[in-house]
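Chain by chain, the residues:
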Amino acid sequence: MGAAGQATDPNGIDEGSFHHTESQAGVDCDKTVTRIYYISDVNGNESSCTHTLTVKDDEKPVFSNIDEGTGKIEALTVSCSATDRTERINAWLDGVTATDNCGTPIVTNNYSTLTLPAGGCDTVTVTFTATDGCGNTQTVEGDIHVTDGEAPVFATISDLTVSCSSESRETLISSWLNSVTATDNCGTVTITNNYNAISLPAQGCGELEVTFTATDQCGNSGTATAKIILTDSEKPVISTQLVSRDWGCNPDFTNTAAANHVPVPTAADFTVSDNCSTGLTAAVTASDVTESGCMRSRTWKATCTDNCGNKADSVEITCTWTEDLTGPTFDDNLTYAPVPASDAAHACAYVIPDLYPYVLEHVHSNCTNETFTFVSQTPAAAADSYPYYT
């Protein structure tokens, strides 16, 4: 039998005598197959040859579904809040396949040891392993992209109303700011705001709009606004050192150097205090002068309204005075005073009497209810000396 597997013989080949035996050593993926071939000539002379085959598998499986751009399994993108997320991930895992030169490889993965992002968005990389029947393995990675495109949603935020003078104002505002909440479809939310105490209305009442921003772990953000409303219902208080009084006779209102000068009330004579508004001043108005004979009267009223519309109780100062620039006059009946009887004790001379009571009966003024002061008479009434008239 030749090396090429052909048999020749000068006497001829008995083709019916051709047969072989086979034996194997080793395992399926690395074994030796020995075949012995027999053939005889027509005279019964037998000849044989041995053929040894070595069977070996060292080729790794090949994955399907490979993304040529990344060299990975085609990625899966799934929303963090998808109701069928688990089903989609399982279908993607089960859809990964591999082929082998010998048989069908088994594909496994490490997904069960991984954790999906709690915050809603991230990429989880799964490692797949394909193993053929001969133990040849191939690994490849595949990404699960968990996405979140939804912004957080704020719960209803009520406006905060607080008194401008409340001692707990800042505490109330802080509690209100911290009470704002928001929810998100996936993960937790961080809430910030743009509140600045300096921006609060400086004069007691008004509104400040605060913007709140809620941001989830994936960077999605939503905003909401609410107002801090400062209120003021307290009236300002006007105070003064002035009191209502009588200025006497003929006061001078213009000449500050005059002895009888009196200053009229002005805004500078009044101070205003308020629980919240600052820099308030009183407005002072004067009434018309009222006259009754020589008597005069005038009222000055101080008023003030704070920046929130609260009106102070007005303060009034009323001053009176007498205006009389005309001296008293005597009537025509004051011509002859009554003459007393002669006094023999004084050599029949007449004693000049005190004419005060008589004169008062005949003196008049342009002012009503005016009191007169008797200054003198000439000649004077005789008290210790006796003027004489003949």
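Definitions and limits used
- Residues numbered from 1 in each chain as written.
- Predicted model: local features only at pLDDT ≥ 70, side-chain atom pairs only at ≥ 80, totals over all residues.
- Heavy atoms only, no water.
- Pairing = 2+ DSSP bridges.
- Helix = DSSP H or I, 4+ residues; strand = E, 2+ residues; numbered from the N terminus.
- Axes fitted to C-alpha atoms, helices over the stretch in contact; angles between N-to-C directions.
- Buried < 20%, exposed > 50% of the residue type's maximum accessible area, 1.4 Å probe, protein only.
- Arc of directions from axis to C-beta.
- Contact = heavy atoms within 4.5 Å.
- Salt bridge = Lys/Arg side-chain N within 4 Å of Asp/Glu carboxyl O.

**What to know about the sheet that holds strand β9 (residues 137-147)**
Within the open sheet, the four strands sit side by side as β5-β9-β8-β7. Their pairing is mixed. Edge positions in the open sheet fall to β5 (73-79) and β7 (106-109), since each of these has one partner strand only. The average undirected angle you get between the axes of adjacent strands in this sheet is 25°. Of the strand pairs in this sheet, β7 and strand β8 (residues 122-131) are connected by four bridges, and their pairing is antiparallel. The partner of Asn109 across the bridge, within β8, is Phe128.

**Concerning helix α2 (residues 169-178)**
Of all the positions in α2, only Ile173, Trp176 and Leu177 are classed as buried. Angularly, the buried residues of α2 cover 100° about the axis, an arc narrow enough to put them on a single face. Across α2 from its buried face, at more than 90 degrees, point the exposed residues Thr171 and Asn178. Looking at the buried residues of α2, the elements they touch are β11 (160-163), β13 (189-193), β14 (206-216) and β15 (221-231).

**Quick word on the pattern of salt bridges**
Inspection of every chain in the model, using the stated rule, returns nine salt bridges. Of the charged contacts, one joins Glu170 and Arg169 as a salt bridge, the two residues approaching to 3.8 Å between their closest N and O atoms. Given the relative accessible area of 39%, Glu170 is considered partly exposed. The partner of Glu316 in a salt bridge is Lys301, and the shortest N-O contact between them spans 3.8 Å. With a gap of 15 residues between them, Glu316 in strand β22 (residues 315-322) and Lys301 in strand β21 (residues 295-303) connect regions that are remote in the sequence. Connected via shared salt-bridge partners are Lys72, Glu141 and Asp143.

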